[in-house]
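Survey of secondary and tertiary structure
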Amino acid sequence: MFEIFEDFNSFHVSMLTYIILGSIIVVLNMPLLYLLIFIKQNRERKEFVLIAIICSVDLLYVVVNSYNSISRLILGTSTNVVAKIECVLRPNLFISLVVIQLVSQMPLFVAIDRLFAVVYSIWYYKRGVCYSFFLCSLPMIGSVVTTIANVISIYNGPEKESQVMAVCFSSSLVASSFKPYFHGTKWACLILATIVNVFVGIILHCNTKIKHQNTTKRLKNANMVIFSNTVNSLVFLMIPDMILAYPPKMDNFIYLQITMFSLIMSKIIFNIVLFLFFHKELRTLYLNLFKRKLFYNGGRMSGVRIVPVPQQELKTSAHNA
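Here, residues in each chain are numbered from 1, in the same order as that chain's written sequence. Reporting in this predicted model follows two pLDDT cut-offs: at least 70 for local features of residues, and 80 or more for side-chain atom pairs to be given and counted; totals over whole chains, interfaces and linings ignore these cut-offs and use all residues. With hydrogens and water stripped out, all remaining heavy atoms of the structure feed into the side-chain values.

Overview of the overall build of the protein
- Along its length, the protein carries 12 helices and 4 strands.
- A burial count over the protein gives 48% of its 321 residues as buried.
- Within the protein, contacts between residues separated by at least 24 positions form 79% of all contacts whose residues are at least 6 apart in sequence.
- Note on areas: these come from Shrake-Rupley sampling with a 1.4 Å probe, and a residue is covered only by the protein chains present in the view. Summing over all exposed atoms, the protein offers an accessible surface of approximately 15900 Å²; the carbon and sulfur share of this is 67%. Segments assigned H or I by DSSP are reported as helices when at least four residues long, segments assigned E as strands when at least two residues long, and all are numbered from the N terminus. Relative accessibility decides the category of a residue: with a 1.4 Å probe and only protein chains considered, values under 20% of the type maximum give buried, values over 50% give exposed, and everything between is partly exposed. Any pair of residues with heavy atoms lying within 4.5 Å of one another is described as a contacting pair.

Examining helix α7 (residues 129–156)
- With 28 residues, α7 extends 41 Å between its outermost C-alpha atoms, agreeing within 8% with the 40 Å of an ideal straight helix rising 1.5 Å per residue.
- Those residues of α7 that sit buried are Tyr131, Ser132, Leu135, Cys136, Pro139, Ser143, Thr146, Thr147, Asn150, Val151 and Ile154.
- On the buried face of α7, the contacting elements are α3 (46–75), α4 (84–88), α5 (91–119), α6 (121–126) and α8 (179–206). One fewer than the residue count of a helix, multiplied by 1.5 Å, yields its expected span.

With respect to the nonpolar core
- Put simply, buried Ala, Val, Leu, Ile, Met, Phe, Trp, Tyr and Cys residues joined by side-chain atoms within 4.5 Å make one nonpolar core. Leu32, Leu36 and Tyr61 are the most contacted members of the largest nonpolar core, which has 72 residues in total.
- Leave out the neighbours within four places in its chain, and leucine 36 touches Asn42, Arg43, Phe48, Ile51, Ala52, Cys55 and Leu282.
- Membership of the second largest hydrophobic core comes to 16 residues, among which are Leu108, Leu115, Ala193 and Val196.

Describing the UniProt feature "transmembrane region" (unreviewed entry) in the protein
- Here, the residues flagged by UniProt with the feature "transmembrane region" (unreviewed entry) are residues 15–36, 48–67, 93–117, 129–155, 185–204, 225–247 and 253–278.
- Annotated as 100% helix and 0% strand, the span residues 185–204 places its first and last C-alpha atoms 29 Å apart.
- Counting secondary structure, residues 253–278 comes out at 100% helix and 0% strand; the distance between its end C-alpha atoms is 37 Å. UniProt positions are given in the numbering used here, feature names are shortened, and annotations may be inferred rather than shown by experiment.

A closer look at α8
- Relative to the 40 Å expected for 28 residues at 1.5 Å per residue, α8 spans 41 Å between its end C-alpha atoms, a close match to the ideal helical length.
- For α8, every residue scored as buried is listed here: Phe182, His183, Lys186, Trp187, Cys189, Leu190, Ala193, Thr194, Val196, Asn197, Val200 and Leu204.

Structural notes on the environment of valine 144
- In this fold, valine 144 is placed in helix α7.
- Given the relative accessible area of 28%, valine 144 is considered partly exposed.
- Note: C-alpha distance between valine 144 and valine 99 (45 residues apart in sequence) is 8.8 Å.

Remarks on the side chain of glutamate 47
- Residue placement: glutamate 47 occurs in helix α3.
- Contacts described as polar in this section are N or O atom pairs within 3.5 Å, which, within protein, must combine one atom able to donate a hydrogen with one able to accept it, while residues neighboring in sequence count only if both atoms come from side chains. In this structure the side chain of glutamate 47 is engaged in a polar contact, spanning 2.8 Å, whose partner is the side chain of arginine 45.

Details of the packing of aromatic side chains
- Stacked, tilted and edge-to-face pairs are distinguished by plane angle, under 30 degrees for stacked and over 60 for edge-to-face with tilted covering the rest, among Phe, Tyr and Trp rings (Trp via its six-membered ring) whose centres lie within 6.5 Å. This model, assessed by the stated rule, comprises 12 aromatic pairs.
- An aromatic cluster of at least three residues, connected via ring pairs, comprises Phe116, Tyr120, Trp123, Tyr124, Tyr125 and Tyr131.
- It is lysine 179 that lies over the ring of tyrosine 246; its NZ or CZ is 4.8 Å from the centre. Criterion for a charge above a ring: Lys NZ or Arg CZ within 6 Å of the ring centre, and within 35 degrees of the ring normal.

Digging into the state of the cysteines
- When two cysteine sulfur atoms are found within 2.5 Å, that pair is recorded as a disulfide. A full pass over the atoms with the stated rule returns 1 disulfide.
- One disulfide in the model links cysteine 87 with cysteine 168; its S-S distance is 1.8 Å. An S-S torsion of about -70 degrees defines the bridge between cysteine 87 and cysteine 168 as left-handed. A residue pair is termed long-range when its members are at least 10 positions apart, and cysteine 87 in helix α4 and cysteine 168 in the loop between β2 (163–165) and α8 qualify at 81 residues. In this structure, cysteine 87 and cysteine 168 share a single accessibility class: buried.

Side note on the pattern of salt bridges
- A carboxyl oxygen of Asp or Glu within 4 Å of a side-chain nitrogen of Lys or Arg is what we treat as a salt bridge. According to the stated counting rule, one finds 7 salt bridges in the structure shown.
- Ionic pairing is found between glutamate 86 and arginine 90, a salt bridge with its closest N-O pair at 3.9 Å.
- With a closest N to O distance of 3.4 Å, aspartate 113 and arginine 114 form a salt bridge. Each member of the pair, aspartate 113 as well as arginine 114, carries the same accessibility label: buried.
- One continuous salt-bridge network, built from bridges that share partners, spans Arg45, Glu47 and Glu281.

Describing the confidence of the model for the protein
- As a per-residue measure, pLDDT tells how confident the predictor is, with possible values from 0 to 100. Residues of the protein with pLDDT of at least 70 account for 84%, and the chain-wide mean is 84.
- Within the model, pLDDT remains below 50 along residues 302–321, and this stretch shows 43 contacts once partners closer than five positions in the same chain are excluded.

Written out as structure tokens, the structure is:
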């Protein structure tokens, strides 16, 4: 086993860094997902369903990348090479490309969900949980389509038989001709998500017809959570991704690469902090879960009082809007 670490170098540092960060994120993410999915009161709140979906996508991203890091660590820095098409057709690497797209496309569709919640409130709050899953399945479809298009570009292009390292780094998985489209799709989704969130914020600020202040406060709070999540993605996902996609010419780029990938993974930790910061009830449940003051009982948590969302109030306010 310890033969893996012979001639320990920057490659091992990078892989171990991603694995350690991934482990930390899993430890922090799983309790929050547990609270969002298995607690009945939380499942009934649509904004919590959205947060659960975001956390699930983040967790998938971490698990896939950690698995790839472990695989690369086992393969080591051998000089073996494989065809580029072979790399992208490996199931774990194909899924990795899908997830890379998914974490960038998801914020746009979550922002669209918030737009529907504000503009078409009556229609929105009549929809069940299945609606949220349907809306958030669209970026999954888009991510798969984009990844397949990349595979086709490699298969039909001159890079089909080009040789890459057997560890198949992420930078070697995208066709050169398709690179602007692959990365452009991610960045465009994040920018559009920001624009949509700002638009939703303007609507909420200018809408004086909602009579219930509690409803307005809840809608603004939900929008602030999603907006903060999007800004977090802009800073800690899009900017590092741009640097990695079009790296500057410099010595020891591997250390810049480690830093950028670490920032991308840290974005998930910041997401968790943001969700807990804006939702006091979630924060209380989360902290008490670590303190072992809560226990699961038939879909309910004992040890803390959860204030349910006044759905009827939301519908009434939407009708008056």
